[in-house]
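Below are the chains, spelled out letter by letter.
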Amino acid sequence: MTYSIIIQLIVSGLALGFIYALVAIEYTLIFNSTGLLNFSHDKFIMLGAYIFAAQFLMRMGTNPVVGVLATVLTMFIFGVLVATGIFNPLRNMTSPIFAVMGTVFLGRILNELARIIWGATLFTVPGFLKGTVKLGDIVITVANITVIVVSIAIVILLQLFFNFTKTGKAMRCVQQNKTAATLMGINVTRNINLTIALSAAICAAIGIMVIPLFTVDLTIANMIGLKGFAAGVFGSFGYLPGAILGGVVIGILENLSTLVIPTLYKDCVAFVLLIACLLIRPTGLLGHRKK
């Protein structure tokens, strides 16, 4: 076993880890702003992948850069509609079960709409983020490099937005205490709409980035959504740095596990870590730092 293979496994694991981290961040954003969990999260990612690949690239022949921007904007608007029609009304219900059922059924609706509009046949996007970069004996795919760079950029931009803009600070206030935010003159409903729209836009970015890694079909994000949730709990649910750490650790360990177990079973790693975390440290790796 040469060091180059281990490095390649770490790099590809890091790329997947950032995908899981972004999913965990989206769970965190919506949970902190509304107190609800979006159980249709994987369908948001699937929808972003289909809008970009099936609609803008294949049907309309749009330039990939323009397609990325159009997809993110489309999902942002879609997020506002979902927040207005589902999340804001349901968050005020007496029981959270209404919100749970609402997001579950939303996921089913999105799945069937994608089936009706684009069909259920799986496909790939030839030439999109293909190719490799060779550094000595180490071969890294362009897709993995793109995922790592874009994910880091998204995380940095989110931190800058939440810490240095008036809107971002208002969103943080809403996440911490909705009643106090209302008393300070912050429009809670509008901020929740913006949070979920931002979440949907990042889901679009995730959907686009996983296209070269997986076959595009109706189940493209099923496992990603589950592992992203596991990453959030493992790192520290509701805490952004914890979500990032949890995703990266799970992604790397998952890939390195193939050195000692059959590749077929590597998907179990995330869930084994999740169960172990719940049994040993329910607050997550960074639970003691959560504010």
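Look up a bit, the structure's there.
Note that the structure is a prediction, hence the values are computed from the model and not measured. (Residues numbered from 1 in each chain as written. Predicted model: local features only at pLDDT ≥ 70, side-chain atom pairs only at ≥ 80, totals over all residues. Heavy atoms only, no water.)

(A) Highlighting the overall build of the protein chain. The helix and strand inventory of the protein chain stands at 11 helices and 2 strands. Its C-alpha atoms give the protein chain a radius of gyration of 19 Å, near enough to 19 Å, the size a compact globule of 291 residues would have. In terms of overall dimensions, the protein chain has a C-alpha envelope of 60 × 50 × 35 Å along the principal axes. In the protein chain, which comprises 291 residues, the proportion classed as buried is 50%. Residue pairs at least 24 apart in sequence account for 74% of intrachain contacts in the protein chain once pairs closer than 6 positions are excluded. (Helix = DSSP H or I, 4+ residues; strand = E, 2+ residues; numbered from the N terminus. Rg over C-alpha atoms; globule rule 2.2 N^0.38 Å. Buried < 20%, exposed > 50% of the residue type's maximum accessible area, 1.4 Å probe, protein only. Contact = heavy atoms within 4.5 Å.)

(B) Layout of the pairing of strand E2 (residues 138-141). Here E2 shows a clear split, with Ile 138 and Ile 140 buried on one side and none of Val 139 and Thr 141 buried on the other. Of the pairings in the sheet, the one linking strand E1 (residues 132-135) to E2 comprises 4 bridges and is antiparallel in character. Each residue of the ladder has a partner; that of Val 133, found in E2, is Ile 140. The hairpin turn running from E1 into E2, its antiparallel successor, is 2 residues long, and Gly 136 in that turn takes a positive phi close to 70°. (Pairing = 2+ DSSP bridges.)

(C) Inspection of the nonpolar core at higher detail. In this structure, Ile 25 and Phe 44 are the most contacted members of the largest nonpolar core, which totals 89 residues. Ranked by residues supplied to this core, first place goes to helix H1 (residues 3-34) with 13 residues. For Ile 25, the contacting residues outside a window of four places in its chain are Val 155, Leu 158, Leu 240, Ala 243 and Ile 244. (Core = buried A, V, L, I, M, F, W, Y, C linked by side-chain atoms within 4.5 Å.)

(D) Broad picture of the environment of Ala 24. Tracing the sequence through the fold places Ala 24 in helix H1. Measuring from C-alpha to C-alpha, the distance between Ala 24 and Ala 99 comes to 19 Å, with 75 residues separating the pair along the chain. Excluding residues within four positions of it along the chain, Ala 24 makes contact with Gly 228, Ala 231, Gly 232 and Ala 243.

(E) Representation of the pattern of salt bridges within the structure. Tallied over the entire structure, the rule returns 5 salt bridges. Between Glu 112 and Arg 108 there is a salt bridge; the shortest N-O distance is 3.4 Å. Taken together, the residues Glu 112 and Arg 108, both in helix H4 (residues 97-118) and 4 residues apart, mark about one turn of the helix. A salt bridge links Asp 267 to Lys 227, with the shortest nitrogen-to-oxygen separation between them at 2.5 Å. With Asp 267 in the loop between helix H10 (240-256) and helix H11 (268-280) and Lys 227 in helix H9 (residues 222-235), this residue pair connects regions lying 40 residues apart in the sequence. Overlapping salt bridges, with partners in common, bring together Arg 108, Glu 112 and Arg 115 in one network. (Salt bridge = Lys/Arg side-chain N within 4 Å of Asp/Glu carboxyl O.)

(F) Quick look at the side chain of Asp 42. Assignment of secondary structure puts Asp 42 in helix H2 (residues 41-59). The buried category is assigned to Asp 42, whose relative accessible area is 15%. Ignoring anything within four residues of it in the chain, the contact list for Asp 42 reads Ala 221, Asn 222 and Gly 225.

(G) Layout of the state of the cysteines. Counted according to the given criterion, the structure contains 0 disulfides. Cys 277 provides the cysteine sulfur closest to Cys 268, a residue in no disulfide bond, and the two sulfurs are 18 Å apart. You can call Cys 268 partly exposed: its relative accessible area is 41%. (Disulfide = S-S within 2.5 Å.)

(H) Looking closely at the packing of aromatic side chains. Under the definition given, this model contains 8 aromatic pairs. Measuring from centroid to centroid gives 5.9 Å for Tyr 50 and Phe 123, while their planes differ by 75°, and the two rings are edge-to-face. With Tyr 50 in helix H2 and Phe 123 in the loop between H4 and E1, the pair connects residues that are 73 residues apart, well separated along the chain. For the pair formed by Tyr 50 and Phe 123, the shared burial category is buried. Ring pairing ties together the aromatic residues Tyr 27, Phe 31, Phe 229 and Phe 237, which thus form one cluster. (Phe/Tyr/Trp six-rings, centres within 6.5 Å; stacked < 30°, edge-to-face > 60°.)

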